[in-house]
Amino acid sequence: MKFEEIQRAAKAEWESLEHDQAPVIRIGTATSDRASGALEVVESFEKELYRLNVEAKIIQTGSVGFCNYEPLVIISKPDYPRICYKNVTPDMVPRLVEGFLLEDDPCMEFALGTLEGGNGTPPYIPELPRSEHELRLVLRNCGFIDPENINHYIALGGYTAFVKALEMTAEEILEEIKQSGLRGRGGAGFPTGKKLESCMKARETPKYVICNADEGDPGAFMDRVVLESDPHSVLEGMIIIGYTLNSSQSYIYTRMEYPLAVDRLKTAIEQAKQLGLLGEDILGTGFSFNIEVFQGAGAFICGESSALMYSIEGKRGFPRVKPPRSIEVGLRQKPTQLNNVKTFACIPVIIEQGAEYFSSIGSDRSKGTAVFALAGKVENVGLVEVPMGTTLKKVIYDIGGGVKDGKGFKGVQIGGPSGGCLPEAFLDTSIDFDSLTEAGAMMGSGGMIIMDEDNCMVDVAHFFLDFTQKECCGKCVMGRLGIKQMMSILEDIVSGDGRPEDIEQLISLGEDIKTGSLCGLGKSAPNPVLTTIQYFRDEYEAHILEKRCPALVCRDLIAYYIIPEKCYRGCEHCVLTCPSEAIVEHPKRFKVIDQSKCIKCGNCLEVCPPEYNAVIKISPISQVPPSEVPSKDEQ
Amino acid sequence: MQEKTVRGKLTEILAGFKKDRSRLIPILQRVQHAFAYLPRDAMLEVGSYLGMTDVQIYGVASFYNHFRFTPLGRHPIKMCMGTACHMAGGRLVLEALERVLDIKVGGITENGEFSLDRVACIGCCGLAPVMVIGERIYPKMSPTKVDEALVNLKIEAGEVSPANDDQAAKEDQIKILDKRL
């Protein structure tokens, strides 16, 4: 079949959907939507439509990226702008169906806003403060198309870039990508064009293409959302690269924790094959290309290129010494082009709209957009895509809505276990590969975690190092023993056994590990510790010298305490939930925590009614007022 | 009997794969999918199919966190320990789970009903802290919600009966909490 015919059919299907008299209900059903109950919402829509005999179409889309408003439902009804409903629950569905679909009440009380202007119906989403800074290239279709229907992607311009590429020579495609200034979105920011050029020059054949979707950083979920919401954008990018390299076999290496992404990818691959856009003799050009989804088995280190390739070969995922680089000696010892999910998703944009367009976005040396997963103590958790060069402040405050519950901002952790924590003074840093590295953090895979005054920076460093230590493969000495040593020093510090010389020791060990490790995991593992020492040294000192955790997090340095004056004497919430029976009643009827029995589970603090707020955390422990625990006879 | 089923299932699984060493990880994943863990016999069988030694198979299987060598509970519990969950107090929830189930991370209850594992991140950071039992995701967990989440599964398992006094007390307590929340 000719591409024009495929495109015509796809557009016809899309048009009939958009201009039909029947309303269209788009429900986000990516993993995080599902966690908030999106499938139940789908079910109740189906029931209600059937019960009231309303004609409407339900489309399960991916995620728009507004995680705090999920489940998100977008309803398009003729004569109305598309309306976006937030936090939809099954209870709201009858109102929406009866009120809006049957009658003409758009139920604006449930709405986040509209997607088209006019009607004077505020708020208009593209005019929200966040929209001003956002630019969606990678996330262009996310949340609006059915990821399991290739026609939606094609109708919105999908695969035209590939068809355009078929008319170009490999050199022309390479030149376009080089001119665009695209840098690897996996974190290191290596120029994609340069990588592609090396792979083209490599003599050995066959050549392989690999999409690295082993998104292992805790707190990062951009790749998952892209794969679940718009898998074809990644496939198209891979096919274009495959065509350029005259490669015939490629792999998407994805985490096994992402079953939905795997399902949707497999469906997408099947559909592309059926239309002749993938497989043997693509569109009659004689070019053949296959994509296989390979599921990892839960090893963070397999995000490293050489480890990932060994894993596909069925071996232990050990990184190896480089050079030779995997671009020359990669999978099965053959030249291999490996790129991140988002890098591939950028390729169709570059080919279709031109290098000039792409390089007009972003900063001097970092072109295009940056996709971040905003999480932690921030109002608007979710995905953010902004032009490179946007400042941290704009992302955190204008898009993210600032720190949750009006608390004070303490720091932002960028780049996951390989990145660093930046304090308030760095909020004007612009987001691009070089500025972030200069500040001590790194672009990394794109996790951005906001921390408030309740987060202990020593604990955060401990958390990340604990993660890298567990995930370290144990091949090189610095990774195996160096990180372990740093870890045990940190453990001493958080448990109150820190010594004054520990800080210097951590810095010197950290620098050695950065120099002496074999792979990227080891080289970047000390970053969270080194940056927190650099910017939050006072917290380390408080832990070591005063045995005090300023944020009241480190359990060995805090105690729970019930303020007698605030304790409402008739209530028993804390007593009932205490698992260790550490809370007893004083003869004067207020409750007292027996510190010797307390296991610091935090239940009492959680259940103490907000109107009393009698339970507090105290650090250092020596500050706890002398015990008022009544003796056995008093009880 | 047990051995026979392992054999039978395994022959079926292996029939779908080429005798190629690079298929090892997908094969092990299928085996684990079928048995919920990697039985020793199954690994030996895979080894002889691919022409690999026992230690080579074990070497690969033990490298990856996903593979387990002990059975999974009927209700496998996974506590997310990603950054967002950690900062929202995930550790306290994990400890509450250990306490309520009386097992440690990686363990399984005596009756085989519950097993407890930690995972690095399931990517639902907006709902932190997150716990997963089977396929169901429990968002915004707290130590005191652990009991509540487990109660129905426990009743189902016959571990506690709904009429039990202890249970009644616990449910009362939950009601009080619900009212307050």
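Computed from a predicted model, the values in this text were never measured in an experiment.

Parameters and conventions
Think of each chain on its own: its residues are numbered from 1, step by step along the sequence as written. Key to labels: chains lettered from A, ligands numbered from 1, both in the order written. Since the coordinates come from a predicted model, pLDDT governs what is reported: local features require at least 70, and pairs of side-chain atoms require 80 or more to be given and counted, while whole-chain, interface and lining totals use all residues. Note that water and hydrogens are dropped before the side-chain values are worked out from all heavy atoms of the structure. In this description, strands pair whenever DSSP reports at least two bridges between them. Numbered from the N terminus, helices here are DSSP runs of H or I no shorter than four residues, and strands are runs of E no shorter than two. Structural elements are reduced to axes, namely lines fitted to C-alpha atoms, with helices fitted over the stretch in contact, and the angle between N-to-C directions of any two is expressed from 0 to 180 degrees. Pairs of residues are marked as contacts when any of their non-hydrogen atoms sit within 4.5 Å. Summed over both partners, the accessible area lost on bringing two parts together, with a 1.4 Å probe, is the buried area. When a carboxyl oxygen of Asp or Glu lies within 4 Å of a side-chain nitrogen of Lys or Arg, that pair is called a salt bridge. Definition of a polar contact: a pair of N or O atoms within 3.5 Å, with one able to donate and the other able to accept a hydrogen when the atoms are protein atoms, and with sequence-neighbouring residues admitted only if both atoms are side-chain atoms. In this count, Pro and Cys sit with the nonpolar residues alongside Ala, Val, Leu, Ile, Met, Phe, Trp and Tyr, while Asp, Glu, Lys and Arg are called charged and the others, Gly among them, polar. Cysteine sulfur pairs qualify as disulfides if the two atoms are within 2.5 Å. Accessible area is worked out with a 1.4 Å probe on protein chains only. A residue is then buried under 20% of its type maximum, exposed over 50%, and partly exposed in between. Across the chain, each position has a pLDDT score giving the predictor's confidence in that residue, from 0 to 100. Patch rule: a residue counts if its relative accessible area is over 30% and it has no salt bridge; like charges are joined within 9 Å, and nonpolar side chains (Val, Leu, Ile, Met, Phe, Trp, Tyr) within 5 Å. Note on areas: these come from Shrake-Rupley sampling with a 1.4 Å probe, and a residue is covered only by the protein chains present in the view. When charges are counted, Lys and Arg contribute as positive and Asp and Glu as negative, whereas His and the chain ends are disregarded. Lys charges are placed at NZ, Arg charges at CZ, Asp charges at CG and Glu charges at CD. In what follows, roughly perpendicular refers to angles from 65 to 115 degrees, roughly parallel to angles under 35, roughly antiparallel to angles over 145, and oblique to any angle outside these ranges. Grouping buried Ala, Val, Leu, Ile, Met, Phe, Trp, Tyr and Cys residues that are joined through side-chain atoms within 4.5 Å yields what is termed a nonpolar core.

J.: Mind laying out the sheet that holds strand S14 (residues 447-452) of chain A, listing which residues take part and the relevant values?
T.: Residues and elements named next belong to chain A. Strand order across the open sheet formed by 5 strands is S11-S10-S14-S12-S13, with mixed pairing between neighbours. Looking at strand neighbours, the two that pair on one side only are strand S11 (382-387) and strand S13 (420-423), the edges of this open sheet. Going across the sheet, the axis of each strand differs from the next one's by a mean of 30 degrees, ignoring polarity. Two elements, strand S12 (residues 409-414) and S14, share 5 bridges in a ladder whose sense is antiparallel. Note that in S14 the partner of Phe-409 across the bridge is Asp-452.

J.: Tell me about the sheet that holds strand S3 (residues 131-133) of chain B, and please be specific about residues and values.
T.: All names here are of chain B. One open sheet accounts for 4 strands, arranged S2-S1-S3-S4; its pairing is mixed. Because the sheet does not close on itself, it has two edges, and the strands there are strand S2 (114-119) and strand S4 (136-138). With strand direction ignored, the average angle separating the axes of adjacent strands in the sheet is 20 degrees. Summarising the sheet, S3 and S4 pair through 3 bridges and their orientation is antiparallel. Bridge pairing in S4 links Ile-133 to Arg-136.

J.: Could you give an account of the interface of chain B and chain A, naming the residues involved and the relevant values?
T.: Of the residues lining the interface, 43 residues belong to chain B; the matching set on chain A comes to 59 residues. Surface buried jointly by chain B and chain A totals about 4100 Å² across both partners, of which 58% is contributed by carbon and sulfur atoms. Across the contact surface, chain B and chain A share 2 salt bridges. Across the salt bridge formed by Arg-23 of chain B and Glu-292 of chain A, the nearest N and O atoms sit 3.3 Å from each other. Across the chain B-chain A interface, the total number found is 16 residue pairs in polar contact (both at pLDDT 80 or more). Elements with a minimum of two residues in the side of chain B that touches chain A: helix H2 (24-35), helix H4 (54-63), helix H5 (83-87), helix H6 (90-101), helix H7 (143-157) and helix H8 (165-180) of chain B. Grouping the amino acids of the side of chain B that touches chain A by side-chain chemistry returns 22 nonpolar, 14 polar and 7 charged.

J.: Report on unusual backbone geometry, specifying residues and quantitative values.
T.: Residues and elements named next belong to chain A. Following Thr-205, the chain continues to Pro-206 via a peptide bond in cis, the omega torsion being -5 degrees. Relative to the helices and strands, Pro-206 is located in the loop between helix H9 (192-201) and strand S6 (208-213). Cis geometry marks the peptide bond from Lys-322 to Pro-323; its omega dihedral reads 0 degrees. Positioned with a positive phi, Arg-332 is a non-glycine residue whose angle comes to about 50 degrees.

J.: Which residues make up the state of the cysteines, and what values do they have?
T.: Residue and element names in this part refer to chain A. Counted according to the given criterion, the structure contains 0 disulfides over all chains. The structure places no disulfide on Cys-211, whose sulfur is separated from the nearest cysteine sulfur, that of Cys-346, by 12 Å. Here Cys-211 falls in the buried class, since its relative accessible area comes to 0%. Unpaired in this structure, Cys-456 has its nearest cysteine sulfur neighbour in Cys-549, at a distance of 3.7 Å.

J.: I'd like a rundown of the pattern of salt bridges, residues and numbers included.
T.: All names here are of chain A. In this structure the tally under the stated criterion is 40 salt bridges over all chains. Here Glu-116 and Arg-82 are joined by a salt bridge, their closest N and O atoms 2.8 Å apart. Of this pair, Glu-116 sits in the loop between strand S5 (111-114) and helix H5 (129-133) while Arg-82 sits in the loop between strand S3 (73-76) and strand S4 (83-85), and the two are 34 residues apart along the sequence. In this structure, a network of salt bridges that share partners links the residues Glu-48, Arg-51 and Glu-98.

J.: Please give an account of the confidence of the model for chain B that cites residues and values.
T.: All names here are of chain B. Mean pLDDT over chain B stands at 85; residues scoring 70 or higher make up 85%. Predicted confidence in chain B is weakest over H8, with a mean pLDDT of 55, and strongest over H4, with 95. Reported confidence for the predicted complex is 0.88 by ipTM and 0.92 by pTM.

J.: Before we move on, could you go through H9 of chain A and cite the residues and values that matter?
T.: Residue pairs spaced three or four apart in an α-helix point in one direction, given the helix's 3.6 residues per turn. Every buried residue of H9 of chain A is accounted for by Thr-192, Gly-193, Leu-196, Ser-198 and Cys-199 of chain A. Packed against the buried residues of H9 of chain A are helix H8 (170-180), helix H11 (231-245), strand S9 (336-340) and helix H14 (341-353) of chain A.

J.: How would you explain a negative patch on the surface if you had to name every residue and give the values?
T.: Residue and element names in this part refer to chain A. Taken together, the side chains of Glu-491, Asp-492, Asp-497 and Asp-556 present a region of like negative charge at the surface. Relative to the assigned elements, Asp-556 resides in the loop between helix H23 (537-545) and strand S15 (559-562). Owing to a relative accessible area of 40%, Asp-556 belongs among the partly exposed residues under this scheme.

J.: Tell me about the packing of H2 of chain B against H4 of chain B, and please be specific about residues and values.
T.: All names here are of chain B. Where H2 meets H4, the axes come as close as 11 Å, and the angle between the chain directions of the two elements is 75 degrees. Between H2 and H4, the angle falls in the class roughly perpendicular. Contacts between H2 and H4 involve Leu-24, Ile-25 and Leu-28 on the former and, on the latter, Ile-57, Val-60 and Ala-61. Its residues assigned to classes, the contact of H2 with H4 shows 6 nonpolar, no polar and no charged.

J.: Which residues make up the nonpolar core, and what values do they have?
T.: Ranked by internal contacts, the top residues of the largest apolar core, which has 127 residues, are Tyr-159 and Met-448 of chain A. With 8 residues, H14 of chain A is the largest single contributor of residues to this core. Setting aside chain neighbours within four positions, we find Tyr-159 of chain A in contact with Phe-3, Ile-150, Tyr-153, Ile-154, His-232, Leu-235, Glu-236, Ile-239, Ala-272 and Leu-277 of chain A. Residues Leu-331 of chain A together with Leu-14, Ala-42 and Ile-57 of chain B belong to the second largest nonpolar core, which totals 45 residues.

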